[in-house]
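Chains, contacts and geometry: an overview
Single-letter residue listing:
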Amino acid sequence: MSWYGNSGDIVVSTRIRIARNIKNLPFPHKMNGEQIKDFCNNIKSIIKDQKFSFGSLKYISADDAVSEISAMVERHVLSPDFASNFSGKALLISEDETVSVMLCEEDHIRIQVILGDNKLNEALIIAKEVDEFFKSALDIAYTNELGFLTACPTNIGTGLRASLMLHIPAIQNLGVAEQLSESISKIGFTLRGLYGEGSKAQAGFYQVSNQVTLGITEDEAINNLEGIASQIVNREKEARNELNLTETDDLVFRALATLKGARILTSSETANLISMVKLGVSAGRIKDIDNSLLLKLFIETKPNTLQTKHGILTANDRDILRANIIREAL
């Protein structure tokens, strides 16, 4: 089951990312093509036949998966940065795509675990298992003074970034998301768009993550994030109570009717409609649809994901296919 097969209500999903680098090897942006190739081949050899508690990690050359790269970004398996410059690089991925490792993105090794719902501790345990394997097999760059060394100074220390994807449409609709973002940035957290750094919020979906990686432990980072996320969740619940019930019901059921009846749906329109229906499900106004189905439709009807599964399509063909898939599902 993919990570979005078990999505939550306000807290939709959890992501743990750990950055590691190899001692005496230039950071990826300073490596030439031959160095990248040698590094990836080395990882391929050491990961072969390695078993983890969640199964194995399949080695994939990014150049052999060109048609799938953009779709993997839409499914949050890969970062937009990796997709923008993947030539000669590689990734490791579990069968259900909940665990992935990007090789030579910003750092030599970027371990990522993404799970549905709020499962920070569970995701950290899995990420640490993969991390311990690499630390035992490779000479990881580390100093007692600074901790793990990373390409970006903001990741030095634990090298860990933890994030939660939140669905907070009421906060967005009340126009207080920017104010919230400014407030939490002062205490070491960041509120970003759907695809992390540099991306915009879409349909009420945001990512909240830690900014501080130096001078704290991994467990402290997780606990701190849990605390701030709890405050945001409570603020979203308050914001939902401030919404006009009749007006919100009207938006929710109009959105549901459109999804059930539309013959053409753009990606952005779909995102906004699903967001409203999800709000209705969370509020108990819609009882025969669950959050996991909505998020599955949200992810799997993205443009590149559709093309990976159904072949090259025109924009209009995608919009028609998207509407058909959603109509049948609902």
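Figured I'd write up the structure that's included with this text. (Residues numbered from 1 in each chain as written. Predicted model: local features only at pLDDT ≥ 70, side-chain atom pairs only at ≥ 80, totals over all residues. Heavy atoms only, no water.)

1. Focus on unusual backbone geometry
- Of note in the backbone geometry, Glu-97 takes a positive phi value of approximately 70° without being a glycine.
- Residue placement: Glu-97 occurs in the loop between β3 (90-93) and β4 (99-103).
- On the basis of relative accessible area, Glu-97 is assigned to the buried category, the value being 15%.
- Here the phi dihedral of Cys-104 falls at roughly 65°; this positive angle occurs in a residue that is not glycine.
- Mapped onto the secondary structure, Cys-104 falls in the loop between β4 and β5 (109-116). (Helix = DSSP H or I, 4+ residues; strand = E, 2+ residues; numbered from the N terminus. Buried < 20%, exposed > 50% of the residue type's maximum accessible area, 1.4 Å probe, protein only.)

2. Some thoughts on the packing of aromatic side chains
- All told, the structure shown has six aromatic pairs when counted by the stated rule.
- Each ring, one from Phe-133 and one from Phe-134, has its centre 5.3 Å from the other, and the planes form 65°; the classification is edge-to-face.
- Take Phe-133: its relative accessible area is 11%, and that puts it in the buried class.
- Phe-134 sits in the buried class, given a relative accessible area of 0%. (Phe/Tyr/Trp six-rings, centres within 6.5 Å; stacked < 30°, edge-to-face > 60°.)

Purely geometric stuff here, so don't read any function into it on its own.
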